Amino acid sequence: MTKNPKLHIPQPTARPGDPPDFSYIDLSEAGAIDRPPTDAAVRDIEYLATGLVRVLDDDHEAKGPWAPDLDPETLLKALEIMVLTRAYDDRMLRIQRQGKISFYIQALGEEAVSVGPGLAFEDGDMMFPAYRNQGLYILRNTGLVDMMCQCLSNTRDMCKGRQMPIFYHNREKNVFSISGNLTTQFPQAVGWAMGAAIKGDDHIAASWIGDGSTAEADFHHALTFAAVYNAPVVLNVTNNQWAISTFQGFAGGERQSFASRGPGYGMPGIRVDGNDLLATYAVSRWAAERARSGGGPTLIEFVTYRGGAHSTSDDPTRYRPKDEWKAFPLGDPIERLIGHLEQLGQWSRSQQESLEVKMKEKVSAAWKEAITFGTMTDPPFLDVELMFEDVFEETPQHLKEQRDKLLAMRGGRS
Amino acid sequence: MIQAIRSAHDVMMERDATVVALGQDIGYFGGVFRCTEGLQKKYGEHRVIDAPIAEGGIIGTAIGMGVNGLRPVAEIQFADYIYPGFDQIVSELSRLRYRSCGDFFAPVTIRTPCGGGIRGGQTHSQSPEGIFTHISGVKTVMVSNPYDAKGLLIAAIESNDPVVFFEPKRIYNGPFDGDPDKPSVSWASHPKGEVPEGYYTVPLGKAEIIEKGTDLTIVTYGTIVHVAQAAAKKAGVDAEIIDVRTLMPLDVETLRDSVNKTGRCLVAHEATRFCGYGAELVASVQKECFWHLEAPISRVTGWDTPYPHAFEWQYFPVQQRLVDGIRKVMEAG
Ligand SMILES: Cc1ncc(C[n+]2csc(CCOP(=O)(O)OP(=O)(O)O)c2C)c(N)n1
Ligand SMILES: [Mg+2]
């Protein structure tokens, strides 16, 4: 008797109306996973791809060999950036709802995936972020006013009105231009790192994509090239459990962790608690050191949860339980860092409250300044000629003609 | 138009057990534009399949299913994201019949929302139809209304040839006459907004004369069909407006008869101009109608830049640009 093969259709553990169920996420105790030397052979450290590196335990104490030696000032700085990121997101979301910007994407619940790793790299290292890594831009001192002006497509917009909101770039601070096309920047980061090695400097590159994005061929291109050439690059997968409406099982996360792809290609894969800032920092630091000293690439999977909607065009109550985030076993990255700082005696609830007020005020002040450079409905407006610039280094004749035609139609003014 | 597209799936999945749909977020969620809502519930998870985010994978596996006797309808979430699947379309889907002398073929339909006018910036606004008409081996369709959308989609699914099926997302919920300051209107009051319930087809390869006229012929498709209608009225001309509908293969006859009658021709589309589909339209009309032409054929198109976010309405061929184009053709010669 033969049995017909039947397709397996991945099923999330909970849909709207069901109680949240995260029993599918394998957890390790804080401090339980060994920290190998940064030059360890891949075959000796495959356990990193299936365990979960955690530093902070349930009592907010830092445990085990991965606990980094971050001083309280750095931890407070990390907290401030995360709180500022959340305040910025909150404000921009409301501004989008008021119709003042066309679109927005929050990083709610994933702030430690940008800020922890961000602190682990050097200024000269090149970052290739995804659209949910605004924390990286903020950490690297991209002004809030500049970020808001980008979202407004106004006269101070770094993208000169060409990009939808949130597709920032910051050349001066080595943060690459975000693409709307998923995963495209993963092999580009590898190429940048190869370039650094070819030129003989010691800068490294890092890139971030989502769990869903690992399904794209570019993910495999990136890992193949990184492994073949031992490129000095850190490849990050933010596993926030969801890709719009499809849960991470549709990218193949059901049977093997995303980190496990690393050893398959011959590079370390590390699965880490993405809501534990100390752990996200420590693992990135390890990978950065390995890359900088010639040890090659590392694939890191940050286990976290997308606390908000995919974007302002999405309604997650259609496909997942409303209160799922509350039940997520790894909690809220900001709350956990506050707990740790309190436990160290470095922070109090009242200090936290005043920090939040301060960050909100900072965001409000930035917004007031940003709109003086115009909004989508209020002047000043960008010059329409800008549409035709930067297609090429020098504008070819046919584009000049098209530009002049448009200007003539508009009565010569722009 | 969304309901019409959903209904085309429904009718075909009901009639033909080999019809399956696959794409990102199309199953449980019903698609980001809701074109497949309710279908997974009705036909099950093995026929309405949520796919990983891999356009090359979606199109590649659709080809395999097609070779194995299924009729896959693949949704690519935005036309702007079709490129990772481009190799599968160009090198495989379009050539399979040719290289195997008809022994193998894949009756795949690839549906994808295209076009701008929704503040989607450069990664949610593109009109790449001209890249696909250039391939030789895939039929290419762009729809302009709900009635055609359903009839053409059914014809596409039934076709043994692969079809790339473009759905301008700006007109998913109602026609758009090219004036962004006007409030949106629904399909309810449009003659082609009414869609019969059951099975019917609109043949592939046939253009439609949307409006009869004698002054000039406007050849267009997609969203711009509606813009052209409004612009002709505004310009006060008696235009014959042709909705090309199937871009490849092109219904040259309908174009020829019309332009030979009017002697003037304006070609319009939303896509960029250089090597755009309009160039083929101009060349075809020129070849067929040269001795009847009273004025040079003219084009109104998107500019040759990526689709900008802030300058959406300076980029889009809005009503006024069509009016200017019409006047130019009318005044020449
Ligand atoms: C090539 C490509 N295909 C599809 C899309 C549409 N899309 C935008 S975001 C998204 C989901 C991505 O999920 P994930 O990688 O998990 O990142 P997250 O949004 O969870 O941060 C999809 C399908 C796209 N932007 N690019
Ligand atoms: Mg995700």
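Thresholds, definitions, all that
Residues numbered from 1 in each chain as written. Chains lettered and ligands numbered in written order. Predicted model: local features only at pLDDT ≥ 70, side-chain atom pairs only at ≥ 80, totals over all residues. Helix = DSSP H or I, 4+ residues; strand = E, 2+ residues; numbered from the N terminus. Rg over C-alpha atoms; globule rule 2.2 N^0.38 Å. Buried ≥ 20, exposed ≤ 12 C-beta atoms within 10 Å, placed from the backbone. Contact = placed C-beta atoms within 7 Å. Expected span 1.5 Å × (residues − 1). Domains from an automatic or database assignment. Axes fitted to C-alpha atoms, helices over the stretch in contact; angles between N-to-C directions. Parallel < 35°, antiparallel > 145°, perpendicular 65-115°, else oblique. Left-handed = near helix turned anticlockwise from the far one by under 90°. Nonpolar A, V, L, I, M, F, W, Y, C, P; charged D, E, K, R; others polar. Core = buried A, V, L, I, M, F, W, Y, C linked by C-beta atoms within 7 Å. Near = placed C-beta within 6 Å. Pairing = 2+ DSSP bridges. Right-handed = clockwise from strand over helix to strand, strands pointing away.

Novice: What should I look at first to understand the overall build of chain A in this one?
Specialist: Looking only at helices and strands, chain A features 12 helices and 7 strands. Relative to its length of 414 residues, chain A is compact, with a C-alpha radius of gyration of 22 Å against a globular reference of 22 Å. By principal-axis analysis of the C-alpha atoms, chain A measures approximately 70 × 55 × 50 Å. Looking at chain A as a whole, 50% of its 414 residues qualify as buried. Summarising the internal contacts of chain A: among those between residues at least 6 apart in sequence, 77% fall at separations of at least 24.

Novice: Sorry, what's going on with helix α12 (residues 319–331) of chain B here?
Specialist: Spacing of three or four residues puts side chains on the same side of an α-helix, whose turn is 3.6 residues. All names here are of chain B. The end-to-end C-alpha distance of α12 is 18 Å, a good match for the 18 Å that 13 residues give at a rise of 1.5 Å each. Taken together, the buried positions of α12 are Gln319, Arg321, Leu322, Val323, Gly325, Ile326 and Val329. Buried-residue contacts for α12 involve β8 (216–220), α8 (224–235), β9 (239–243), β11 (265–272) and β12 (298–302).

Novice: How should the domain arrangement of chain A be read in this particular structure?
Specialist: Reports often express the size of an interface as the amount of accessible area lost when the parts come together. As far as domains go, chain A holds domain 1 (42–377) and domain 2 (383–414). For domain 1 of chain A versus domain 2 of chain A, the distance between C-alpha centres works out to 37 Å.

Novice: Hey, could you run me through the packing of helix α1 (residues 72–97) of chain A against helix α11 (residues 349–370) of chain A in this one?
Specialist: When two helices pack together, their arrangement is given by the angle between their axes and by how far apart the axes lie. Residues and elements named next belong to chain A. For the pair α1 and α11, interaxial distance at closest approach is 9 Å and the crossing angle is 50°. Overall, the two elements α1 and α11 adopt an arrangement that is oblique. Crossing of α1 against α11: the hand is right-handed. Along the contact surface, α1 presents Glu80, Val83, Leu84, Ala87, Tyr88 and Arg91, while α11 presents Leu355, Glu356, Met359, Lys360, Lys362, Val363 and Trp367. For the contact of α1 with α11, a count of residues per class yields 8 nonpolar, no polar and 5 charged.

Novice: Just checking my understanding: could you explain the domain arrangement of chain B for this structure?
Specialist: All names here are of chain B. Annotation of chain B at the domain level lists domain 1 (2–193) and domain 2 (208–331). Each of domain 1 and domain 2 was reduced to a C-alpha centroid, and the two centroids are 25 Å apart. Opposite the 30 residues of domain 1 that make contact, domain 2 presents 31 residues. Listing elements by their share of the side of domain 1 that touches domain 2, those giving two or more residues are α6 (129–133), β5 (139–142), α7 (146–158) and β6 (163–168). A per-element tally of the side of domain 1 that touches domain 2 places β5 first, with 4 residues.

Novice: When you look at the nonpolar core in this model, what are you seeing that I'm missing?
Specialist: Formed by 212 residues in total, the largest nonpolar core has its most connected members in A:Val233, A:Ile300, B:Val141, B:Ile218, B:Ala228 and B:Ile326. Ranked by residue count, the leading element in this core is α1(A), at 11 residues. Contact partners of A:Ile300, with chain neighbours within four places excluded, come to A:Val234, A:Asn236, A:Val237, A:Ala259, A:Ile270, A:Val272, A:Val283, A:Ser284 and A:Ala287. Among the nonpolar cores identified, the runner-up in size contains 10 residues, and A:Met387, B:Tyr315, B:Phe316 and B:Val318 belong to it.

Novice: Would you explain the site of ligand 1 in this entry?
Specialist: Around ligand 1, the structure places 21 residues, and the nearest of them are A:Gly210, A:Gly212, A:Ser213, A:Ala243 and B:Tyr81. For the shell around ligand 1, the secondary-structure elements that each account for two or more residues are β2 (205–210) and β4 (242–243) of chain A.

Novice: So what exactly am I meant to see when it comes to the pairing of strand β3 (residues 71–75) of chain B here?
Specialist: In the case of a regular strand, side chains alternate between the two sheet surfaces. Residue and element names in this part refer to chain B. Across the 5 residues of β3, 5 count as buried, placing the element largely inside the fold. Burial along β3 is two-sided: Arg71, Val73 and Glu75 facing one way and Pro72 and Ala74 facing the other are all buried. Direction of pairing for strand β1 (residues 19–23) relative to β3: parallel, over a ladder of 5 bridges. The residue of β3 that forms the bridge with Gly23 is Glu75. When β3 meets strand β4 (residues 109–114), the two strands line up parallel, connected through 3 bridges. Counted as the bridge partner of Glu75 is Arg111 from β4.

Novice: When you look at the pairing of β2(A) in this model, what are you seeing that I'm missing?
Specialist: All names here are of chain A. Of all 6 residues making up β2, 6 are buried, and the element is well covered by its neighbours. Burial along β2 is two-sided: Ala205, Ser207 and Ile209 and Ala206, Trp208 and Gly210, pointing in opposite directions, are all buried. Sheet analysis places strand β1 (residues 126–128) next to β2, joined by 3 bridges and oriented parallel. Across the sheet, residue Met127 finds its bridge partner in β2, namely Ala206. Bridge analysis of β2 against strand β3 (residues 233–239) gives 6 bridges, and the strand direction is parallel. When the bridges of β3 are listed, Trp208 appears paired with Asn236. Considered for its hand, the β-α-β crossover made up of β2, helix α6 (residues 217–229) and β3 is right-handed.

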